[in-house]
Amino acid sequence: GAGVSQSPSNKVTEKGKDVELRCDPISGHTALYWYRQSLGQGLEFLIYFQGNSAPDKSGLPSDRFSAERTGGSVSTLTIQRTQQEDSAVYLCASSPPKGDEQFFGPGTRLTVL
Amino acid sequence: SQQGEEDPQALSIQEGENATMNCSYKTSINNLQWYRQNSGRGLVHLILIRSNEREKHSGRLRVTLDTSKKSSSLLITASRAADTASYFCATDAWGWGKLQFGAGTQVVVTP
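Conventions and cut-offs
- Residues numbered from 1 in each chain as written.
- Chains lettered and ligands numbered in written order.
- Predicted model: local features only at pLDDT ≥ 70, side-chain atom pairs only at ≥ 80, totals over all residues.
- Heavy atoms only, no water.
- Contact = heavy atoms within 4.5 Å.
- Buried area = accessible area lost by both parts, 1.4 Å probe.
- Salt bridge = Lys/Arg side-chain N within 4 Å of Asp/Glu carboxyl O.
- Polar contact = N/O pair within 3.5 Å; in protein donor to acceptor, adjacent residues only side chain to side chain.
- Helix = DSSP H or I, 4+ residues; strand = E, 2+ residues; numbered from the N terminus.
- Nonpolar A, V, L, I, M, F, W, Y, C, P; charged D, E, K, R; others polar.
- Core = buried A, V, L, I, M, F, W, Y, C linked by side-chain atoms within 4.5 Å.
- Buried < 20%, exposed > 50% of the residue type's maximum accessible area, 1.4 Å probe, protein only.
- Disulfide = S-S within 2.5 Å.

## Quick look at the interface of chain B and chain A
It is common to give the size of an interface as the accessible area lost on bringing the parts into contact. Counting residues at the interface gives 16 residues for chain B and 15 residues for chain A. Surface buried jointly by chain B and chain A totals about 1400 Å² across both partners, of which 52% is contributed by carbon and sulfur atoms. A salt bridge links B:Arg50 to A:Asp100, with the nearest nitrogen and oxygen atoms 2.5 Å apart. Along the contact surface separating chain B from chain A lie 9 residue pairs in polar contact (both at pLDDT 80 or more). Secondary structure elements with two or more residues in the side of chain B that touches chain A: strand 4 (31-38), strand 5 (42-50) and strand 10 (99-101) of chain B. Looking at the side of chain B that touches chain A, its residues break down into 7 nonpolar, 7 polar and 2 charged.

## Focus: the nonpolar core
Ranked by internal contacts, the top residues of the largest apolar core, which has 21 residues, are B:Met21, B:Leu32, B:Trp34, B:Leu46, B:Leu74, B:Ile76 and B:Tyr87. Among the elements of the structure, strand 3 (19-24), strand 4, strand 5, strand 7 (61-66), strand 8 (71-76), strand 9 (85-92) and strand 11 (105-110) of chain B are those that each provide at least two residues to this core.

## Description of the state of the cysteines
Residues and elements named next belong to chain A. Applying the stated rule across the entire model yields 2 disulfides over all chains. Here Cys23 connects covalently by a disulfide to Cys92, the sulfurs 1.8 Å from one another. One disulfide, between Cys23 and Cys92, carries an S-S torsion of -60° and so falls in the left-handed class. Of this pair, Cys23 sits in strand 3 (residues 19-24) while Cys92 sits in strand 9 (residues 88-95); the two residues are 69 residues apart in sequence, bridging distant segments of the chain.

## Observations concerning the pattern of salt bridges
Residues and elements named next belong to chain B. Enumeration according to the criterion identifies 8 salt bridges over all chains in this entry. Notably, a salt bridge pairs Arg60 with Asp83, separated by 2.9 Å at the nearest N-O pair. Residue Arg60 is located in the loop between strand 6 (55-58) and strand 7, and its partner Asp83 is located in the loop between strand 8 and strand 9; the two are separated by 23 residues in the primary sequence. A residue is classified by how much of its surface remains accessible, and Arg60, at 24% relative accessible area, is partly exposed. Residue class for Asp83 comes out buried when judged on its relative accessible area of 5%.

Structure below.
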């Protein structure tokens, strides 16, 4: 079956611009997670959704970052006024109800010039 | 901030040898998971061990957990070139999936 998909796969933007990253989880997976992977910080948790609610946003680095999930499915991570330190690979993962294993997408590589 | 630290940072072995990597963490956990990442397949879940378990096996993988020492180890037996990847431990403190990853161990398996 289809796995987690993310788009775009690569995004190059200029400092100060806004970007939107999209995640399509596996059908039927109720939990959705965003992580960020960068050379300096490793893999960092950003936000967790259960259905359309986000019980834990503690990993979002600043108020420039926001995320939403609609219909219990697709999620969008938005970064406003991008900075060079936002450059990283943004990974999305989903897991089924009562499941602990997370299925990761291929990621979006964001480069802020 | 990262919860886990992995040791060694890098490991180079020959096909057929065993590979062992260790993970230490700081706070109590609900479960600990191991993931593999390579350029071809992204991050892939390997195995999960719960806080009340001490050892678990899956194919050529063996994971141990010592909650008193806050440490875990991953053993890959009879390694293959296809095992070349970065291996990450990830802790789940509360059981709902907020994973905190270690820095990873880069494993290179040469034919």
